[in-house]
Protein chains: 2
Amino acid sequence: MKKIINHPDHFVDEMIDALLLAHPGWLKPVTADRRALVRADAPNAGKVGIVTGGGSGHLPAFLGYVGKGLASGVAVGNVFSSPSSEQIYEATKAVHGGAGVLYLYGNYGGDVFNFDLAADLADADGIETRTVHVADDMASAPPERASDRRGVAGMVFGFKCAGAAAERGDTLDEVARIAAKANGATRTMGVGLSPTILPAARKPTFTLPDGEMEIGIGIHGEPGTHRGKLESADAIAERLAGAILGDLRAEAGSSVALLVNGLGATPLEELYLLYRRAEQAVAAAGLRVARAYVGEYVTSLEMAGASISVMQLDEELDTLLDAPVRSPFWREGWRVDEGGAR
Amino acid sequence: MKKIINHPDHFVDEMIDALLLAHPGWLKPVTADRRALVRADAPNAGKVGIVTGGGSGHLPAFLGYVGKGLASGVAVGNVFSSPSSEQIYEATKAVHGGAGVLYLYGNYGGDVFNFDLAADLADADGIETRTVHVADDMASAPPERASDRRGVAGMVFGFKCAGAAAERGDTLDEVARIAAKANGATRTMGVGLSPTILPAARKPTFTLPDGEMEIGIGIHGEPGTHRGKLESADAIAERLAGAILGDLRAEAGSSVALLVNGLGATPLEELYLLYRRAEQAVAAAGLRVARAYVGEYVTSLEMAGASISVMQLDEELDTLLDAPVRSPFWREGWRVDEGGAR
């Protein structure tokens, strides 16, 4: 229940203030409340803009995935709450460089509602938009309802690939196609060991008895597929990777990107233990890890736990993953297949 | 008490296994037990080697600070335990490119003992060594005994500056001088909110009642200067930055690097809140933040808390901070003074 904060009502605004102070030249606010921010050099004439957004409490997501080669604007909600349609709309106008705007964000009810409203406002201004929902959390819906899935850590691959496509000048249709392709090629599954504590509530979002874990947990503490006794790192990695690989059905011989994401309080050492067994599971399935990402990419404040994501690669996605980005939050993956050459 | 591990006895070795698996082409082990590792391209002929090391449980430290432009070798102890003199000695031989070896590590009794023994072994082989202790934790000893201080998060500046000096071909005396200069220009102070849980013990290293914090805590949970009621982010930042700036006595007008380091379980958002007020305190003291580092640089497994470090810059150190590095763990600072240009 211990948090290093000031007044909970100021948590998000002070965080934005701090980001702008620590990283000048990166983003600029485009609304008086500074809840809509865009790349410092936006709009980029002739290029597709990408607007993302969602609740706060997930750093590096969503703010950290704005910048050259990533999304071009973001609308920032309160902790675990959608931003407003107005904030999304203002970000949209500020990134529109004449080539339209892609909305790329996690598939959550409030966000979908507000992004759709913003799309209508943009449409009335003659700004063409497309929408791709990140929906990589396989624990949140079965394969036959894959489009209902929530967006979790695998979203970073969407931002990276779509952002690179926009940066090189692809059309709106193309950028949307690539975002959808990255999303369709990605599966994530997580495990939670402890709850999140919301700054305003100052109490845990849920309880999890000592010695138990929640398999399939969401990044807001949404219930997973089941609760059980805490298992070893190897057993957890096998469970998560096994489910992912079973759902992804990647052709043997394929290359994949493997991401082990910390939800907030889990030590980096433990994430590497998960990576180790997940890599072995990938190899046992006849696939090859081409890129390794280990660290905190999409968090849930101080939740203990982790998720594993796998993205099936092809030459197109692989090229886009290589493109340069500029954000203080971006953690580059390691080129496993080339012995780290980059 | 929940950890994602396998058998505690295998924790460190599996972590090393995972690092080598995830990041091929970065490090190579030089002992059968793989507890001594060096840059994949070591030894670098004609260049000074830098060997570091210490207990595990601090990732990215110490392993993560090995690579081009950083340290060249590392000896890896068990959790919170010194590596052996033999491991340090093997790393020394493997990085020696004919120009001698600098030992740069945190000022802890076991480490000092074993590095000194290794120096004797190296000396018998005709390998010249120098030693610089990182001793930036101002809560661990008063100014008149500054050399007794422990080494904590500020060590990253030493690795970065000395590593850049070695990379450009400076002599052993020069690399040692720069390491000592970086250390002398750096102060750190931390706050702990929750204990660490050692994998083998599976119980907290200390207890801290709900609603309390430990000011001046060390990265192994060493007691700080005092315990008190948990304060706001602003009050904590003012307290830590105030103590640091009072001890550092930097001349008005100086540039500094400002590092807010997470100890493990504290959300990135909260680190940014600390950064915000610390930056304001630096500015109020007539100093200018030239570089901002926010994130997990030196951790203590899942301890909740953070530390603030300030390094006073001059042109020499500033140039060295700009040099390129190669490690999957390095998080580059943001050039605040140039609007992020880099």
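No experiment lies behind these values; they were computed from the predicted model shown.

## Brief notes about the UniProt feature "domain: DhaK" (unreviewed entry) in chain A
Phase 1: Residues annotated by UniProt as "domain: DhaK" (unreviewed entry) correspond here to residues 7–330 of chain A.
Phase 2: The straight-line gap between the two end C-alpha atoms of residues 7–330 of chain A is 29 Å; of that span, 33% is helix and 23% is strand.

## Some points on the domain arrangement of chain A
Residue and element names in this part refer to chain A.
Phase 1: What the domain assignment reports for chain A is domain 1 (8–184) and domain 2 (188–338).
Phase 2: Relative placement of domain 1 and domain 2: their C-alpha centres are 22 Å apart.
Phase 3: Contacts between domain 1 and domain 2 engage 44 residues on the former and 44 residues on the latter.
Phase 4: Both faces considered, domain 1 and domain 2 share a buried interface measuring about 3,900 Å² in area, 69% of it formed by carbon and sulfur atoms.

## Considerations on the interface of chain A and chain B
Phase 1: On the side of chain B, 60 residues touch chain A, which itself brings 61 residues to the contact.
Phase 2: Carbon and sulfur atoms supply 61% of the area buried between chain A and chain B, which totals about 5,500 Å² over both sides.
Phase 3: The interface formed by chain A and chain B holds six salt bridges in total.
Phase 4: Between Lys3(A) and Glu270(B) there is a salt bridge, with its nearest N and O atoms 3.7 Å apart.
Phase 5: Run the count over chain A and chain B and you get 30 residue pairs in polar contact (both at pLDDT 80 or more).
Phase 6: Secondary-structure elements contributing two or more residues to the side of chain A that touches chain B are helix H1 (11–22), helix H6 (233–248) and helix H7 (268–284) of chain A.
Phase 7: The leading source of residues in the side of chain A that touches chain B is H7(A), at nine residues.

Procedures and definitions
- What you see as residue numbers is a count from 1 along each chain, following the sequence as written.
- Think of it this way: whatever chain is written first is A, whatever ligand is written first is 1, and the rest follow in order.
- Two thresholds apply to this predicted model, a pLDDT of at least 70 for residue-level local features and 80 or more for giving and counting side-chain atom pairs, whereas whole-chain, interface and lining totals are computed over all residues.
- With hydrogens and water stripped out, all remaining heavy atoms of the structure feed into the side-chain values.
- UniProt positions are given in the numbering used here, feature names are shortened, and annotations may be inferred rather than shown by experiment.
- Only DSSP runs of H or I with at least four residues qualify as helices, and only runs of E with at least two residues qualify as strands; both kinds are numbered from the N terminus onward.
- An automatic or database domain assignment supplies the start and end points of every domain.
- Every residue pair with non-hydrogen atoms within 4.5 Å of one another is taken to be in contact.
- Summed over both partners, the accessible surface that disappears when two parts come together, traced with a 1.4 Å probe, is what is meant by buried area.
- What counts as a salt bridge is simple: a side-chain nitrogen of Lys or Arg found within 4 Å of a carboxyl oxygen of Asp or Glu.
- N or O atoms within 3.5 Å of each other form a polar contact, as long as, within protein, one can give a hydrogen and the other can take it, and as long as residues adjacent in sequence are counted only when both atoms are side-chain atoms.

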